[in-house]
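Understanding the architecture of this molecule
What follows is the residue order along each chain.
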Amino acid sequence: MPLKIVVGAQWGDEGKGRIVDWFASQAEVVARYNGGDNAGHSVTVGSQLFKLHLIPSGIVHPRPVAIMGNGMVINPESLFSEIESLEKVGVDAGPKRLRISHAAHLITPAHKALDKAMEAARGKESIGTTGRGIGPAYTDKAARTNLRVADMVGTDFVEKLGTHIESANRSLAALGAPALDIGPVLDTFSQYATRIRPFVADTAAEMDAALRAGQTVLAEGAQGTLLDIDHGTYPFVTSSSTLAPAALLGLGLGMTAARDSIVSGVCKAFQTRVGSGPFPTEIHEESLALRLRGTGENPWDEYGTTTGRPRRVGWLDGVLLRYAARLNGFTELVITKLDILSGMPHIKICTAYTRNGKIYHDLPFGPTDLEGFEAVYEELPGWTEDVSGIRRWEDLPQPARDYLDAIGRVAGVPVRLVSVGPEREQIVPAG
Ligand code: GDP
Ligand code: IMO
Ligand code: MG
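An account of the accompanying structure is given in this report. One numbering rule holds for all chains: residues counted from 1, following each sequence as written. Chains and ligands are labelled by the order in which they are written, letters from A for the one and numbers from 1 for the other. Two thresholds apply to this predicted model, a pLDDT of at least 70 for residue-level local features and 80 or more for giving and counting side-chain atom pairs, whereas whole-chain, interface and lining totals are computed over all residues. With hydrogens and water stripped out, all remaining heavy atoms of the structure feed into the side-chain values.

Let us now look at the pairing of strand β2 (residues 29-32). Think of it in three bands: residues with accessible area under 20% of the maximum for their type are buried, residues over 50% are exposed, and the middle band is partly exposed, with areas taken using a 1.4 Å probe on protein chains only. Comment: elements are numbered from the N terminus, with helices defined as DSSP H or I runs of at least four residues and strands as E runs of at least two. Here β2 shows a buried face lined by Val29 and Ala31 and a second buried face lined by Val30 and Arg32. Pairing geometry for β2 and strand β5 (residues 65-68), over 4 bridges, is parallel. Paired with Val29 across the strands is Val65, a residue of β5. In this analysis, strands are considered paired if DSSP registers two or more bridges between them. Summarising the sheet, β2 and strand β10 (residues 217-220) pair through 4 bridges and their orientation is parallel.

Here the nonpolar core consists of buried residues drawn from Ala, Val, Leu, Ile, Met, Phe, Trp, Tyr and Cys, with membership extended through side-chain atoms lying within 4.5 Å. Counting 61 residues, the largest nonpolar core has Phe330, Leu333, Leu338, Leu341, Tyr403 and Ile407 as the members making the most contacts within it. Here the bounds of each domain stem from an automatic or database domain assignment. Residue-level mapping places this core at the junction of two domains, with at least three residues from each of domain 1 (3-102 + 201-263) and domain 3 (267-429).

What follows is about the pattern of salt bridges. Salt bridges are counted wherever a side-chain nitrogen of Lys or Arg sits within 4 Å of a carboxyl oxygen of Asp or Glu. Under the defined criterion, the tally for this structure stands at 22 salt bridges. With a closest N to O distance of 3.9 Å, Arg392 and Glu394 form a salt bridge.

In this section: the side chain of Arg32. Positionally, Arg32 belongs in strand β2. In this charge count, Lys and Arg are treated as positive and Asp and Glu as negative; neither His nor the chain ends contribute. Of the side chains with opposite charge, Glu220 lies nearest to the buried Arg32, which makes no salt bridge, at 5.3 Å. At 2.7 Å, the side chain of Arg32 and the backbone oxygen of His53 are in polar contact. Apart from the residues within four sequence positions on either side, Arg32 is in contact with Ala39, His53, Leu54, Pro56, Ile67, Met68, Gly69, Met72, Glu220, Ala222 and Leu251. We define a polar contact as two N or O atoms separated by no more than 3.5 Å, with the added condition that, inside protein, one atom must be a possible hydrogen donor and the other a possible acceptor, whereas residues neighbouring each other in sequence contribute only through side-chain atom pairs. Residue contacts are defined here by distance: any two heavy atoms, one from each residue, within 4.5 Å place the two residues in contact.

Moving on: the coordination of the magnesium ion (ligand 3). Each metal's donors are the N, O and S atoms found within 2.8 Å of it, except that Na, K and Ca use a 3.2 Å limit; water is left out, so coordination can look incomplete. Within the protein, the atoms that donate to the magnesium ion (ligand 3) are Asp13 (OD) and Gly40 (O), at distances of 2.0 to 2.1 Å. Of the two residues, Asp13 sits in the loop between β1 (3-8) and α1 (16-23) while Gly40 sits in the loop between β2 and β3 (41-45), which places them 27 residues apart along the sequence. Residue classification places Asp13 among the partly exposed residues on the basis of a relative accessible area of 22%. Overall, the relative accessible area of 12% leaves Gly40 in the buried class.

Let's shift gears to the site of ligand 1. Surrounding ligand 1, one finds 20 residues, the nearest of these being Lys16, Gly40, Ser42, Asp339 and Ser419. One nitrogen or oxygen atom from the main chain of Gly17 is found 2.8 Å from an oxygen atom belonging to ligand 1. Asp339 places a side-chain nitrogen or oxygen 2.7 Å from a nitrogen atom of ligand 1. Each accessible area is a Shrake-Rupley result for a 1.4 Å probe, and residues are judged covered by the shown protein chains and nothing else. If ligand 1 stood free it would expose 590 Å²; the protein chains cover 98% of that surface. Elements supplying a minimum of two residues to the shell around ligand 1: α1 and β3. Only Asp, Glu, Lys and Arg are considered charged in this grouping, and only Ala, Val, Leu, Ile, Met, Phe, Trp, Tyr, Cys and Pro are considered nonpolar; every other residue, Gly among them, is considered polar. Per-class residue counts for the shell around ligand 1 are 5 nonpolar, 8 polar and 7 charged. In this structure, the shell around ligand 1 is formed jointly by two domains, domain 1 (3-102 + 201-263) and domain 3 (267-429), each of which donates at least three residues. We define proximity as follows: a residue is near a molecule or strand when any one of its heavy atoms falls within 4 Å of that partner.

Another aspect to go through is helix α2 (residues 76-88). Multiplying 1.5 Å by the residue count of a helix minus one yields the expected span of that helix. Between its first and last C-alpha, α2 extends 18 Å over 13 residues, near the 18 Å set by a 1.5 Å rise per residue. For α2, the capping residue at the N-terminal end is Asn75, with a side-chain oxygen 2.9 Å from the backbone nitrogen of Glu77. The first or second residue beyond α2 is Gly90, which carries a positive phi of 85 degrees.

Printed below as a string of structure tokens:
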């Protein structure tokens, strides 16, 4: 199994971080291929809770080397603060273990300011971004005007950065937002440029060498399928390609690297979304929603890891899961947060949609056109037992196994692992 790709099957926050941590024990390399510090990947090891935004979650496990691929957008301020907090608790995040692609793009304070100003200008139509500058950074990338990590180690970085901030200041003025003070940005970024130098590498070549040597590379997706710029619920999406095939482009791997690869779709046992956009299986009945979301007392309750916003919750959307399985080419599913469903009197799963009396097993235009479609549910019995201590498939209550079987059947992909709590060992291999 040379390449294994872990992808979110829904709108993000499926528990990718904890699943990458589980697989990391079998990998020599763990690499992120998209997004930036809009991600929030939680890994719980004993009493320690790690919240990774930028650095691959696999770094928490002592085994693999961590790579930040060319498909990422990197805010150096977040990078160094994350490195510092990891090293403070004894996780090695030095340049021998953390490698950053020279071709990855930068996020600057100008991108963050533009993200916020553009959201404000959208008013009621706002996307609900994380405010981390993701959209503006990818916009500059596509416009071929952005700065890359390679620029930071070049001789004319300060000059290029100055030009970038001046140009952003003109855009900010057009949006009625205050200009950035260029001097302090140049000062701090000059320091970051010195610090980043030992981490910078041709990570694509390093991964190619690892794969040729028979090592396992674990590709860690950020966000989720339905937030993909092309195939998600556009325009309520992020600005990167989140899907499994993007792992090749975002890490600089060729098509043959994907031969025999495993594509693991991580899917919550229900559905959540943070930010605006369509959500057909959303639960609006507050007492039921609260039951799934939690009050915020537990670290795993449904409040954004990056922004702290309450997540919208709903029933698992099997139609969109089938869509995710097709687009990513999932070879297996990992179901997380099964423990949260204990005590629900019944559990629903959306198996089809209906419009004007006609049943649709697949949406004609995927999740981009949901106008007039209504979810059709299959209802299954719940269970009362606490499943968080269970480690064997046969010990799960029968209704829980029936629900997991239903998910696999609806998605058309076998369930391989089930997570029954946030802790590293709270995993049940499927029977
Ligand atoms: P990611 O962005 O996909 O890595 O997911 P997040 O870390 O943003 O959100 C998932 C949350 O659920 C985190 O707080 C995890 O610690 C927690 N979590 C993951 N798997 C489980 C599980 O099986 N049960 C419970 N109760 N919490 C889980
Ligand atoms: P992880 O990797 C959940 C959402 C934002 C917003 C939209 C666009 O932890 O699963 P952006 O800042 O990317 O321009 O915001 O995407 N979003 C996420 N939602 N999990 C994430 O990451 C997300 N990253 C972005 O809430 O709706
Ligand atoms: Mg998250």
